[in-house]
Amino acid sequence: MGSFIGYRCSICQHEYLPGKVQYNCPHDGGNLDVILDYPTIQKYVGPHQILESKEPSLWRYLPILPVSEVGYYDTPFHRAGYTPVFSTPGLGKEYGIADLWIKDESRNPTASFKDRASAVVVARAREIKADVVVTASTGNAGAALAGMAAAIGQKAVIFAPRTAPPAKIAQLLVFGAQVILVDGNYDSAFDLTIQASQEFGWYCRNTGYNPFTAEGKKTAAFEIWEWWETIHQGTVKPKKLAVFVSVGDGNIISGIHKGFKDLYALGWLDRIPRIIGVQAEGSAAIANAFRQGTEEIIPVSANTLADSISVDLPRDGVRAVRAARETNGTYITVKDNEILGAIAALGKAGIFAEPAGATSYAGFVKAAQAGLLNSDEAVLVLNTGSGLKDVKAAMQAVHEAPIIEPNMRALKQYMKK
Ligand SMILES: *Cc1c(COP(=O)(O)O)cnc(C)c1O
Ligand SMILES: [Zn+2]
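Here the focus is the site of ligand 1. Residues in close proximity to ligand 1 total 16 residues, the closest being Lys114, Gly248, Asp249, Gly250 and Thr384. Take Gly248: an N or O atom from its main chain is 2.8 Å from an oxygen atom of ligand 1. One of the backbone N or O atoms of Asn251 is found 2.9 Å from an oxygen atom in ligand 1. In isolation ligand 1 offers 380 Å² of accessible surface; the protein chains occlude 98% of this area. Given that more than half its atoms are within 2 Å of the pocket grid, ligand 1 belongs to the largest cavity. When its residues are assigned to classes, the shell around ligand 1 shows four nonpolar, eight polar and four charged.

So this is what it looks like as structure tokens:
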């Protein structure tokens with residue numbers, strides 16, 4: 001497919017041909033948006049072909065992605081995306097929202113949203129014949145790259161903070177990537193990764209640096225669009241939709257915004273949903289900028305138990321601010337104990353989220369309590385990662401179980417309490 005025609009800088013608007021640049025804008029470091037040739041796409045595919053596709057993965061959107069057919073059918077690599085949207089009777093009512101849905105990204109092959117980005121970056125790596133793909137990660141991006149790469153025999157190198165949750169480090173190691181833990185935070189791993197990729201000629205997946213990560217992440221917007229079309233088939237489209245997204249670097253929210261913009265430009269979507277970003281109070285550089293009405297992202301010294309969104313300097317902050325501003329959305333910040341509360345609440349709906357995954361739900365609760373949602377508005381909350389990724393945090397969200405002698409007397413005594 002020849003619909004990938006170049007990049008446009010999100011800061012200076014300068015355009016580049018596909019072969020001319022690989023990462024951020026050489027002039028100002030701005031994030032590059034991938035430019036697709038919409039008329040060409042429209043010539044070959046319409047919304048109905050997508051809606052009727054039987055492909056149960058993000059590869060159903062191949063005609064609207066900047067990579068070509070990659071094969072590897074029946075591997076985990078080919079199974080990223082196409083996650084379920086769950087109805088949660090009970091959860092929303094408490095807050096006066098009748099129509100609350102959770103899109104569960106923990107169902108991805110390596111159990112987080114990051115598989116979307118990593119699958120598309122690995123496909124790109126194949127096209128440009130990269131020997132090695134490298135990324136910095138708080139854990140999930142690395143696990144996703146390691147898993148997608150392992151599935152197709154691509155070499156991967158991962159840099160992560162030594163403090164990453166053990167389950168995430170275990171995934172990296174089990175997938176057979178070269179794992180290097182840095183005695184520092186995510187931001188220091190990020191900078192080291194860029195230097196290493198330049199020096200050793202590795203292809204760098206870093207979030208908010210490689211333009212293809214947002215292209216992978218936009219597929220979640222395509223799925224939300226398909227889901228919305230399908231549940232409203234034959235009915236008057238009732239409501240507006242608000243989408244809640246946890247935000248660290250700001251690349252998921254930017255990618256989702258890009259996906260909706262693609263669909264709008266193609267004429268397949270007539271109204272872009274409100275996009276509401278949720279950050280941890282201790283890692284809120286993007287929310288701060290949004291509230292100041294500026295696009296200037298001032299780094300913070302991040303401190304939150306939600307490790308996947310613990311970022312000093314968000315690498316996709318400008319586009320992340322715009323995602324909320326241009327869709328009439330907003331930013332919400334939540335405390336760590338509100339995140340733990342959200343883990344427990346989602347658990348009661350049968351959904352197991354890691355702290356960053358539940359952050360979006362904590363933001364929904366806060367927005368609903370503050371009266372920021374209309375009662376006739378449908379709400380979709382993304383759970384971006386599995387609770388199995390961080391069992392220690394999960395245990396903080398619940399009460400300990402009692403331990404008793406294995407006999408009826410002890411049990412009866414306990415039950416009386
Ligand atoms: C990476 C990640 C996020 C945030 O994505 P950004 O692109 O960094 O904003 C949220 N939740 C989980 C589970 C993640 O792994
Ligand atoms: Zn630029």
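As a further point, take the pattern of salt bridges. According to the stated counting rule, one finds 23 salt bridges in the structure shown. As a salt-bridge pair, Arg8 and Glu15 come within 2.8 Å of each other at their nearest N and O atoms. Arg274 is the partner of Glu377 in a salt bridge, and the nearest nitrogen-oxygen pair spans 2.9 Å. Residue Glu377 is found in the loop between helix H13 (355–369) and strand E13 (378–383), and its partner Arg274 is found in strand E11 (residues 274–280); the two are separated by 103 residues along the sequence. Linked through salt bridges whose partners overlap, the residues forming this network are Lys103, Glu105, Arg116 and Glu223.

Now for the sheet that holds strand E3 (residues 32–36). Spatial ordering of the open sheet is given by E2-E1-E3, a layout of three strands whose pairing is antiparallel. The sheet terminates laterally at strand E2 (15–16) and E3, the two strands that pair on one side only. Pairing between strand E1 (residues 4–9) and E2: two bridges, direction antiparallel. Opposite Tyr7, over in E2, you have Tyr16 as the bridge partner.

What follows is about the coordination of the zinc ion (ligand 2). Each donor-metal-donor angle would ideally measure 109.5 degrees in four-coordinate tetrahedral geometry, or 90 or 180 degrees in six-coordinate octahedral geometry. In the first shell of the zinc ion (ligand 2), the protein supplies Cys9 (SG), Cys12 (SG), Cys25 (SG), Asp28 (OD) and Asp28 (OD), at 2.3 to 2.4 Å from the metal. Along the chain, the residues donating to the zinc ion (ligand 2) are arranged with the sequence spacing C-x2-C-x12-C-x2-D. Note that Cys9 is positioned in strand E1 and Cys25 in the loop between E2 and E3, a separation of 16 residues in sequence. Given a relative accessible area of 1%, Cys9 falls into the buried group.

Let us now look at the side chain of Ser308. With respect to the secondary-structure elements, Ser308 resides in the loop between helix H10 (285–292) and helix H11 (317–325). Leave out the neighbours within four places in its chain, and Ser308 touches Thr138, Asn140, Lys168, Glu354 and Ala356.

A separate point is empty space enclosed by the protein. Going through the model one piece at a time under the given rule, you end up with three cavities of 30 Å³ or more. Computed from the structure, the largest cavity encloses a volume of approximately 250 Å³. Along the walls of the largest cavity sit 28 residues, with Lys114, Asp249, Ile252, Ser308 and Ile309 positioned nearest its centre. Listed by contribution, the elements that provide at least two residues to the lining of the largest cavity are helix H4 (140–152), helix H9 (251–266) and H13. A per-element tally of the lining of the largest cavity places H9 first, with three residues.

We now examine the packing of aromatic side chains. Taken as a whole and judged by the stated rule, the model has 16 aromatic pairs. Aromatic pair Trp59 and Phe77: ring centres 5.5 Å apart, planes at 40 degrees, arrangement tilted. Here Trp59, found in the loop between helix H2 (47–51) and strand E4 (85–87), pairs with Phe77, found in the loop between H2 and E4; they are 18 residues apart in sequence, far enough to count as distant. In this structure, Trp59 and Phe77 share a single accessibility class: buried. An aromatic cluster is defined as three or more aromatic residues linked by ring pairs; in this entry it consists of Tyr95, Phe244, Tyr361 and Phe364. Between Arg116 and the ring centre of Phe113, over which it is positioned, the NZ or CZ distance is 5.3 Å. When the ring centre of Phe190 is taken as origin, the NZ or CZ atom of Arg315, which lies over that ring, is 3.9 Å away.

What follows covers unusual backbone geometry. We note that Tyr82 has phi near 55 degrees; this positive angle belongs to a residue other than glycine. Following the sequence through the fold, Tyr82 ends up in the loop between H2 and E4. A relative accessible area of 38% places Tyr82 in the partly exposed class.

Here we take up the sheet that holds strand E10 (residues 241–246). Adjacent strands of a sheet pair through backbone hydrogen bonds, lying either parallel or antiparallel. If you trace the six strands from one edge of the open sheet to the other, you get E4-E5-E13-E10-E11-E12, paired in mixed fashion. The outermost strands of the open sheet, each flanked by one partner alone, are E4 and strand E12 (330–334). Across this sheet, the average inter-strand angle for adjacent strands is 25 degrees, counted without regard to direction. Where E4 meets strand E5 (residues 100–104), three bridges bridge the pair, whose relative direction is antiparallel. Bridging across to E5, Phe86 finds its partner in Ile102. Contacting E11 and E12, H10 crosses the sheet at an angle of about 135 degrees to E12.

What counts and how
- Residues numbered from 1 in each chain as written.
- Chains lettered and ligands numbered in written order.
- Predicted model: local features only at pLDDT ≥ 70, side-chain atom pairs only at ≥ 80, totals over all residues.
- Heavy atoms only, no water.
- Near = heavy atom within 4 Å.
- Polar contact = N/O pair within 3.5 Å; in protein donor to acceptor, adjacent residues only side chain to side chain.
- Areas by Shrake-Rupley, 256 points an atom, 1.4 Å probe, with all protein chains shown as cover.
- 1 Å grid on protein atoms, 1.4 Å probe; cavity = no way out; pocket = protein on both sides within 12 Å on 5 of 7 lines; lining within 4 Å.
- Sits in = over half its atoms within 2 Å of the grid points.
- Nonpolar A, V, L, I, M, F, W, Y, C, P; charged D, E, K, R; others polar.
- Salt bridge = Lys/Arg side-chain N within 4 Å of Asp/Glu carboxyl O.
- Helix = DSSP H or I, 4+ residues; strand = E, 2+ residues; numbered from the N terminus.
- Pairing = 2+ DSSP bridges.
- Donors = N, O, S within 2.8 Å, 3.2 Å for Na, K, Ca; no water.
- Buried < 20%, exposed > 50% of the residue type's maximum accessible area, 1.4 Å probe, protein only.
- Contact = heavy atoms within 4.5 Å.
- Points joined across faces, edges and corners; volume = space filled by probe spheres on them.
- Phe/Tyr/Trp six-rings, centres within 6.5 Å; stacked < 30°, edge-to-face > 60°.
- Lys NZ or Arg CZ within 6 Å of the ring centre and 35° of its normal.
- Axes fitted to C-alpha atoms, helices over the stretch in contact; angles between N-to-C directions.

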